[in-house]
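# Remarks on the overall topology
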Amino acid sequence: RQSWKKSFDFLFSSVGYCVGLGNLWRFPYLCFENGGGAFLIPYMLFTCLFAIPMMILETSFGQSFRAGETNIFQCFRISMGIAFAQLVANLYASSSYIIIMVWITKYMVASVSPNLPWTNCENQWNTKNCVQFLSSDNSTRNVTLSDRRISAAEEFWAREVLGKSRGLEHIGSLRPDLVLYLGLLWIIGYFVTFKGIKWSSKVFYVTATVPIVLILIVTIRRLYFRWGMEPGCGYYLYPDLSKLMNFKVWVTAAAQVTYSTTIGNGILLFLASFNKRDHNFLKDALIIGAANALTSFTSGLAVFSSLGFLATKLNTTMAEVASSGPGLVFIAYPQSISLLPFPQVWSFLFFLTLLLLGFDSQFIQVEYLVNFFIDGSKRIRSLRWNKEILGAMLCFFNFLVGLSMVSEVSIAEGGIYVFEIFNRYAYAGWCTFLMCGCELVAISWLYGLDTHFKEMDNMIGTIRVKWLLKISWKLLSPIICMVAVVFYLAGFKPLEIGNYLYPLWAQCFAHLVSVSTIIAIP
């Protein structure tokens with residue numbers, strides 16, 4: 001089996017994968033919806049008590065076996081379904097995750113125009129309800145978001161980027177520009193990964209570090225421009241402790257930790273299987289968990305300070321300027337950037353940061369999918385150019401799936417509705433927690449922690465906190481997973497976007513997607 005050329009290769013690859021769009025795209029809006037600073041408390045607790053122990057388990061287990069997932073779980077064959085469930089989850093995730101990168105590319109290309117298109121109402125997609133906010137001083141048009149008008153940034157997002165149709169029943173034509181971006185992103189993904197981890201690991205040194213540096217630059221620039229940032233930072237840093245009485249806040253925090261650290265989906269097992277036998281996985285797992293949490297915190301600081309600036313600028317409240325969901329990054333933040341000096345520069349840097357964050361995760365998912373089939377089949381391993389051919393087939397297949405999400409509802413006239421099915425049902429919520437819980441039970445109870453602890457001692461020497469890890473792996477973490485699964489299933493609500501309620505057949509299809517993810521386990 002291939003090995004990482006340098007000891008840092010695993011660390012940079014893992015940090016690049018875990019620190020992704022979930023930190024800068026998903027974390028801020030979940031934080032806003034769940035009490036701002038109050039959300040940070042359960043988020044940090046679950047990072048320490050749940051995510052980091054799971055990272056230690058997965059990295060140590062993968063390093064111990066140094067084999068593909070199918071070979072690892074063959075040691076206790078009753079749990080073989082976990083490997084295939086993780087395969088399906090990653091297939092779904094790789095198809096939908098890249099759609100966010102397509103949107104980001106659209107914004108990044110638009111950032112090089114002389115006038116940012118989301119700052120004025122003179123474009124073909126704008127309506128008579130459009131209102132623009134464009135000024136680098138303290139004066140704005142005599143209108144605020146509370147007038148229930150639609151901001152230019154929101155119309156650019158909904159009408160130009162998404163091209164929203166009336167619903168899932170009205171999926172329109174493909175969007176040529178978005179199809180082009182989708183194809184280019186998959187071509188880049190293929191050429192980065194087609195030679196295996198020794199080649200792609202060199203790319204990760206750039207794509208894992210540059211985004212973090214850019215996030216720091218944008219955050220420092222935002223904090224340096226102090227005017228109006230107090231409302232946002234105050235909302236973010238001073239918690240409303242009454243929110244902690246809401247159980248949903250705790251489950252949402254656990255879900256975000258699981259999503260951003262990517263535990264339970266087999267990727268860390270896969271990456272660690274390329275480690276040398278004596279690699280210090282314990283230190284790396286702690287660094288990965290800390291880097292993920294700090295990036296989320298810094299991203300939240302950047303976004304919330306911008307929201308505070310925008311609210312002060314428009315003489316309105318935080319709730320008025322902050323859109324829920326992805327709009328927080330694709331509406332509020334671009335609008336805030338447009339009010340800064342040299343907005344094209346800051347806009348390009350911000351969306352370049354987002355794109356690089358997404359690249360790592362996408363590259364590694366392709367590596368995982370290719371190696372899953374190669375590790376699991378002697379016939380495929382015997383073929384010449386097996387990585388190159390299989391990688392091209394997988395990239396092309398995912399490209400075709402992605403086309404349904406780039407019609408005019410995403411990339412096509414209706415794509416956003418398809419995207420939300422994959423985003424909410426294929427690889428999020430109860431499916432992820434169920435895979436985590438089954439993996440914990442399989443390793444802790446079926447394989448046996450005593451056997452695994454001996455392997456860990458052989459790899460890096462005696463570990464002093466075994467009793468803490470044993471409590472987490474055998475009791476605490478499985479309980480967290482099962483409680484979250486029950487919460488999600490008990491609190492089922494029909495799928496809707498804004499005022500649009502999905503038809504019954506689409507609701508059934510969404511649940512079939514969820515079941516298809518984990519059906520291999522039973």
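Residues numbered from 1 in each chain as written. Predicted model: local features only at pLDDT ≥ 70, side-chain atom pairs only at ≥ 80, totals over all residues. Heavy atoms only, no water.

An unreviewed UniProt entry annotates the chain as Transporter of Ciona savignyi. As its UniProt record puts it under Subcellular location (unreviewed entry), the chain is described as follows: "Membrane". According to the UniProt record, the Sequence similarities (unreviewed entry) comment for the chain is "Belongs to the sodium:neurotransmitter symporter (SNF) (TC 2.A.22) family." (UniProt positions renumbered as here; feature names shortened; annotations may be inferred.)

### Overview of a nonpolar patch on the surface
A surface patch of nonpolar side chains, about 790 Å² in accessible area, is lined by Ile41, Leu45, Leu49, Leu241, Val465, Trp467, Leu468, Ile471 and Leu476. Counting only elements with at least two residues in the nonpolar patch, the list comes to α3 (37–65) and α20 (466–490). Among the structural elements, Leu476 can be located in helix α20. Judged by its relative accessible area of 33%, Leu476 is partly exposed. (Patch = residues over 30% accessible without salt bridge, like charges linked within 9 Å, V, L, I, M, F, W, Y side chains within 5 Å. Areas by Shrake-Rupley, 256 points an atom, 1.4 Å probe, with all protein chains shown as cover. Salt bridge = Lys/Arg side-chain N within 4 Å of Asp/Glu carboxyl O. Helix = DSSP H or I, 4+ residues; strand = E, 2+ residues; numbered from the N terminus. Buried < 20%, exposed > 50% of the residue type's maximum accessible area, 1.4 Å probe, protein only.)

### Some details on helix α1 (residues 7–18)
Here α1 contains twelve residues, and its C-alpha end-to-end distance of 18 Å stays within 8% of the 16 Å for a straight helix at 1.5 Å per residue. Counting buried residues along α1, nine of its twelve residues qualify, which places the element largely inside the surrounding structure. Listed as buried for α1 are Asp9, Phe10, Leu11, Ser13, Ser14, Val15, Gly16, Tyr17 and Cys18. (Expected span 1.5 Å × (residues − 1).)

### A look at the confidence of the model for the chain
Reading predicted coordinates in detail is not appropriate for stretches of low pLDDT. Summary statistics for the chain give a mean pLDDT of 83 and a share of 88% for residues scoring 70 or more. Put simply, helix α13 (residues 318–321) is where the chain has its lowest mean pLDDT, 66, and helix α11 (residues 267–272) is where it has its highest, 94. Residue range residues 134–146 is modelled with pLDDT below 50. Its contacts to residues more than four positions away, or to other chains, number 26 contacts. The low-confidence segment residues 409–413 (pLDDT under 50) makes 45 contacts with residues lying over four places distant or belonging to another chain. (pLDDT = per-residue confidence, 0-100. Contact = heavy atoms within 4.5 Å.)

### Overview of the pattern of salt bridges
For the coordinates displayed, the defined rule picks out six salt bridges. The partner of Lys106 in a salt bridge is Asp177, and the shortest N-O contact between them spans 2.6 Å. Taken as a pair, Lys106 in helix α5 (residues 80–110) and Asp177 in helix α7 (residues 176–193) lie far apart in primary sequence, 71 residues in all. Judged by its relative accessible area of 9%, Lys106 falls in the buried class. Measuring nitrogen to oxygen at the nearest pair gives 3.5 Å for the salt bridge that ties Lys470 to Asp450. One end of the pair, Lys470, is in helix α20; the other, Asp450, is in helix α19 (residues 430–460), with 20 residues separating them in the sequence. Look at Asp450 and you get exposed, because its relative accessible area is 52%. Ionic contacts of the salt-bridge type, sharing partners, join the residues Lys106, Glu160 and Asp177 into one network.

### A look at the environment of Ser260
Looking at the element boundaries, Ser260 is found in helix α10 (residues 247–261). Among the residues examined, Ser260 registers a relative accessible area of 2% and is labelled buried. Between the C-alpha atom of Ser260 and that of Arg26, which follows or precedes it by 234 residues, the distance is 8.8 Å. For Ser260, the side chain forms a polar contact with the side chain of Asn292, separated by 3.2 Å. (Polar contact = N/O pair within 3.5 Å; in protein donor to acceptor, adjacent residues only side chain to side chain.)

### Digging into the UniProt feature "binding site: Na(+)" (unreviewed entry) in the chain
With numbering aligned to this structure, UniProt lists the feature "binding site: Na(+)" (unreviewed entry) at Gly16, Val19, Asn23, Ser260, Asn292, Leu357, Asp360 and Ser361. The greatest C-alpha distance among the residues just named is 13.8 Å, despite their covering 346 residues of sequence, which places them together in space. For Val19, the location among the structural elements is in the loop between α1 and α2 (21–33). Inspection of the secondary structure puts Asn292 in helix α12 (residues 281–313). On the basis of relative accessible area, Asn292 is assigned to the buried category, the value being 0%. Beyond its immediate stretch of four places on either side in the chain, Asn292 contacts Cys18, Val19, Asn23, Tyr43, Ser260 and Thr261. Here Tyr43 takes part through its side chain, which lies 3.4 Å from a polar atom of the side chain of Asn292.

### Things to note about α2
Its 13 residues give α2 an end-to-end C-alpha distance of 18 Å, which sits within 8% of 18 Å, the value for a rise of 1.5 Å per residue. Remark: the principal bend of α2, roughly 40°, maps to Phe27, with a proline, Pro28, within the next four residues. Of all 13 residues making up α2, twelve are buried, and the element is well covered by its neighbours. All of the buried residues in α2 are Leu21, Gly22, Asn23, Leu24, Trp25, Arg26, Phe27, Pro28, Tyr29, Leu30, Cys31 and Phe32. Just downstream of α2 lies Gly35, where phi reads positive at about 95°. (Bend = angle between axes of the 7 residues up to and from the residue.)

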